[in-house]
Amino acid sequence: MLPPELPPLPALTRAEAELIDRYLDAVDLLGRVNPARHEGTYRALRAAQALVRRAIELRDALALMHERGETELHADTLARALRVLDGERRTSRVTLPPD
């Protein structure tokens, strides 16, 4: 049985898509660094090292948007894109786990 089909991504500019991708990359790494999770220090260290590069890429994506005149983030559209890309699950690893 195939999983249910995901809704289509909303229309994004190339810069918005890059922003979403880089944001989720950073979130995934922050989830690995989260000290409230049961992970080893080596895995967290590697994720923290990679996070530096991802933060630079995230900054560059935002800078490109600003340079192109995209001065506003369309939160509703970007939130829909994050939901389609499993952003709720991915960002939940950054928060404290339930008791």
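This write-up is about the structure you can find in this document. (Residues numbered from 1 in each chain as written. Predicted model: local features only at pLDDT ≥ 70, side-chain atom pairs only at ≥ 80, totals over all residues. Heavy atoms only, no water.)

### Notes on unusual backbone geometry
Then comes step 1: The phi torsion at Asp86 lies on the positive side, around 65°, for a residue other than glycine.
Then comes step 2: Relative to the helices and strands, Asp86 is located in the loop between helix H3 (75-84) and helix H4 (87-92).
Then comes step 3: Asp86 gets classed as partly exposed once you look at its relative accessible area, which sits at 33%. (Helix = DSSP H or I, 4+ residues; strand = E, 2+ residues; numbered from the N terminus. Buried < 20%, exposed > 50% of the residue type's maximum accessible area, 1.4 Å probe, protein only.)

### What about the packing of helix H1 (residues 14-33) against helix H2 (residues 41-67)?
Then comes step 1: With their axes 8 Å apart at the nearest point, H1 and H2 run at an angle of 160° to one another. Comparing the axis directions of H1 and H2 gives the class roughly antiparallel. Of the two possible hands of crossing, H1 and H2 adopt the one that is left-handed. The segment H1 lies against H2, with Ala15, Glu16, Glu18, Leu19, Arg22, Tyr23, Asp25, Ala26, Leu29, Leu30, Arg32 and Val33 engaging Arg43, Ala44, Ala47, Ala48, Ala50, Leu51, Arg54, Glu57, Leu58, Ala61, Leu62 and Met65.
Then comes step 2: A breakdown of the residues in the contact of H1 with H2 according to their chemical character gives 16 nonpolar, no polar and eight charged. (Axes fitted to C-alpha atoms, helices over the stretch in contact; angles between N-to-C directions. Parallel < 35°, antiparallel > 145°, perpendicular 65-115°, else oblique. Left-handed = near helix turned anticlockwise from the far one by under 90°. Contact = heavy atoms within 4.5 Å. Nonpolar A, V, L, I, M, F, W, Y, C, P; charged D, E, K, R; others polar.)

### Points about the nonpolar core
Then comes step 1: By size, the foremost hydrophobic cluster in this structure holds eight residues: Ala15, Leu19, Ile20, Leu24, Leu58, Ala61, Met65 and Leu78.
Then comes step 2: The set of elements that each furnish at least two residues to this core consists of H1 and H2.
Then comes step 3: Broken down by element, this core gets its largest block of residues, four residues, from H1.
Then comes step 4: Sequence-distant contacts of Ile20, defined by excluding residues within four places in its chain, comprise Leu78, Leu82 and Leu85. (Core = buried A, V, L, I, M, F, W, Y, C linked by side-chain atoms within 4.5 Å.)

### Some details on H2
In an α-helix, one full turn covers 3.6 residues, which means residues spaced three or four apart are oriented alike.
Then comes step 1: Between its first and last C-alpha, H2 extends 39 Å over 27 residues, near the 39 Å set by a 1.5 Å rise per residue.
Then comes step 2: Along H2, the residues that are buried comprise Ala44, Ala47, Leu51, Glu57, Leu58, Ala61 and Met65.
Then comes step 3: Each element contacted by the buried residues of H2 is listed here: H1.
Then comes step 4: Just downstream of H2, Gly69 is the residue with a positive phi angle, here 90°. (Expected span 1.5 Å × (residues − 1).)

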